[in-house]
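A closer look at the structure
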Amino acid sequence: MLLNPHQWVSSHADYLYSFAITRINDEELAKDLVQETFLAALQKTGSFEGKSSERTWLTAILKNKIIDVYRKKSQGLKIIDNEEKESREVDFFEEDGHWKAEHGPKEFGIEDKDHLVNKEFEHILQKCMQKLPVLWKAVFTMKHIDEEATETICSELKVTASNFWVIIHRAKVNLRACLQKNWI
Amino acid sequence: MSYLKKIIHNCKQATYLIEKKSIKRLTLREAIELRIHLFGCSFCRIFQKQSHIINNLVKELFKSAMPPNSGLDDTFKKELQEKIEEELNK
């Protein structure tokens, strides 16, 4: 397996771009990252061992760049994020941990249909994802989409293990509530 | 409040355990607490179902996600390949 930089853009640019855009939702930044990925890759062609495909290798470089973005964004937004967290903590739960009457989960009506791909529902889901605070979205994406190890996520994003679980929980509770609010 | 009552009332803890379970194995104690809670709580049973659906949908969404009109334009690609060639010739 050899690298062929002359074909990189035509073979992989669209793929890398869509990989980036779904994770950071910023077209200009995504373009920059694709470019940076290729340029960084050129600098370290020596580290390509041919064990993985060219695309996998390039994607790994891009992933690290995306994590840098997550890290920067979540640090820059820490203060806002904390405020957001509190306001967002709309408190779905009562003091004793019971669901508040108005926030109790209701059926979406799609639960029992296998693989129903409903465009409208997907669209709302996408919007709801974007509403999550940067750090939550980063943790959620790295875990549920990229299936990274929990330890990796904690060390890359500098969150403690207990904070990780809190974020995973809150992200889902908020995401689900957002779907209920906008779908039903 | 008795220990059992606490488990039965605590949806916050139950949903936390549901999320944890989707990622790693629960301890025996946690698993039992969750079972007891879910047995009596239809809200959290819905939450659990939806949580799984959301995980699957999000995965599919990311995999298939090529949002329309967001492909790279040809000028950008052409310039990018030129930059790469430039680097190669350095």
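Now for a description of the structure that goes with this document.

Cut-offs and rules
- Residues numbered from 1 in each chain as written.
- Chains lettered and ligands numbered in written order.
- Predicted model: local features only at pLDDT ≥ 70, side-chain atom pairs only at ≥ 80, totals over all residues.
- Heavy atoms only, no water.
- Helix = DSSP H or I, 4+ residues; strand = E, 2+ residues; numbered from the N terminus.
- Buried < 20%, exposed > 50% of the residue type's maximum accessible area, 1.4 Å probe, protein only.
- Contact = heavy atoms within 4.5 Å.
- Areas by Shrake-Rupley, 256 points an atom, 1.4 Å probe, with all protein chains shown as cover.
- Patch = residues over 30% accessible without salt bridge, like charges linked within 9 Å, V, L, I, M, F, W, Y side chains within 5 Å.
- Salt bridge = Lys/Arg side-chain N within 4 Å of Asp/Glu carboxyl O.
- Buried area = accessible area lost by both parts, 1.4 Å probe.
- Polar contact = N/O pair within 3.5 Å; in protein donor to acceptor, adjacent residues only side chain to side chain.
- Disulfide = S-S within 2.5 Å.
- Axes fitted to C-alpha atoms, helices over the stretch in contact; angles between N-to-C directions.
- Parallel < 35°, antiparallel > 145°, perpendicular 65-115°, else oblique.
- Left-handed = near helix turned anticlockwise from the far one by under 90°.
- Nonpolar A, V, L, I, M, F, W, Y, C, P; charged D, E, K, R; others polar.

**Regarding the overall build of chain B**
Helix and strand counts for chain B stand at five helices and zero strands. Out of the 90 residues belonging to chain B, those deemed buried represent 40%. Once local pairs closer than 6 in sequence are excluded, the contacts in chain B between residues at least 24 apart make up 59%. As presented, chain B carries roughly 5,700 Å² of accessible surface, and 56% of it is formed by carbon and sulfur atoms.

**Remarks on a nonpolar patch on the surface**
Residues and elements named next belong to chain B. A cluster of nonpolar side chains, namely Leu4, Ile8, Leu28, Ile32 and Ile36, defines an oily patch on the protein surface of about 450 Å² accessible area. Broken down by secondary-structure element, the contributors of at least two residues to the nonpolar patch are α1 (3-9) and α3 (28-40). Per-element tally for the nonpolar patch: the top contributor is α3, with three residues. Structurally, the position occupied by Ile36 is in helix α3. A relative accessible area of 32% means that Ile36 is categorised as partly exposed.

**Description of the interface of chain A and chain B**
Listed per partner, the contact involves 56 residues of chain A and 44 residues of chain B. Counting the surface lost from both chain A and chain B, the interface buries some 4,800 Å², and carbon and sulfur atoms represent 71% of this. Seen at the junction of chain A and chain B, the total is five salt bridges. Salt-bridge contacts for Glu107(A) lead to Lys49(B); the nearest nitrogen and oxygen are separated by 3.9 Å. Of all the elements in the fold, those that place two or more residues in the side of chain A that touches chain B are α1 (8-24), α2 (27-43), α5 (119-131), α6 (134-144) and α8 (161-183) of chain A. Among the elements that take part in the side of chain A that touches chain B, α8(A) stands out by supplying ten residues, more than any other.

**Concerning helix α2 (residues 11-21) of chain B**
Among the residues of α2(B), Cys11(B), Ala14(B), Thr15(B), Leu17(B), Ile18(B), Glu19(B) and Lys20(B) are the ones counted as buried. Structurally, α2(B) contributes buried residues whose contacts are with α8 of chain A together with α1, α3 and α4 (42-64) of chain B. Among the residues of α2(B), the N-terminal cap falls to Asn10(B), whose side-chain oxygen and the backbone nitrogen of Lys12(B) are separated by 3.3 Å.

**Re the state of the cysteines**
Residue and element names in this part refer to chain A. Summed over all chains, the structure comprises one disulfide over all chains. Between the sulfur of Cys128 and that of Cys178 lies a disulfide, 2.0 Å long from S to S. What sets the handedness of the Cys128 and Cys178 disulfide is the S-S torsion sign, and at about -80° it is left-handed. Taken together, the residues span a long stretch of sequence, with Cys128 in helix α5 and Cys178 in helix α8 at a distance of 50 residues. Judged on exposure class, the residue Cys128 and its partner Cys178 are both buried.

**Describing the side chain of Arg23(A)**
Counting through the fold element by element, Arg23(A) comes out in helix α1. Taking the relative accessible area as the measure of exposure, Arg23(A) reaches 6% and is therefore buried. Within the local environment of Arg23(A), its side chain forms a polar contact with the backbone oxygen of Phe19(A), the two atoms lying 3.1 Å apart. Ignoring sequence-local partners within four residues, the contact set of Arg23(A) consists of Ile66(A), Tyr70(A), Lys137(A), Thr141(A), Ile145(A), Asp146(A) and Phe62(B).

**Comments concerning the environment of Arg35(B)**
Residues and elements named next belong to chain B. Mapping Arg35 onto the fold places it in helix α3. Residue Arg35 is classed as exposed on the basis of its relative accessible area of 68%. Counting along the chain gives 28 residues from Arg35 to Ile7, while the straight-line C-alpha distance between them is 9.8 Å.

**Let's talk about the packing of α2(A) against helix α5 (residues 74-89) of chain B**
α5(B) packs onto α2(A) with a crossing angle of 20° between their chain directions and a minimal axis gap of 10 Å. Accordingly, the angle class assigned to the pair α2(A) and α5(B) is roughly parallel. Crossing handedness for the pair α2(A) and α5(B): right-handed. In this structure, α2(A) contributes Lys31(A), Val34(A), Gln35(A), Phe38(A), Leu39(A), Leu42(A) and Gln43(A) to the contact, and α5(B) contributes Phe76(B), Leu80(B), Lys83(B), Ile84(B), Glu87(B) and Leu88(B). Broken down by class, the residue content of the contact of α2(A) with α5(B) amounts to eight nonpolar, two polar and three charged.

These figures capture arrangement, not role.
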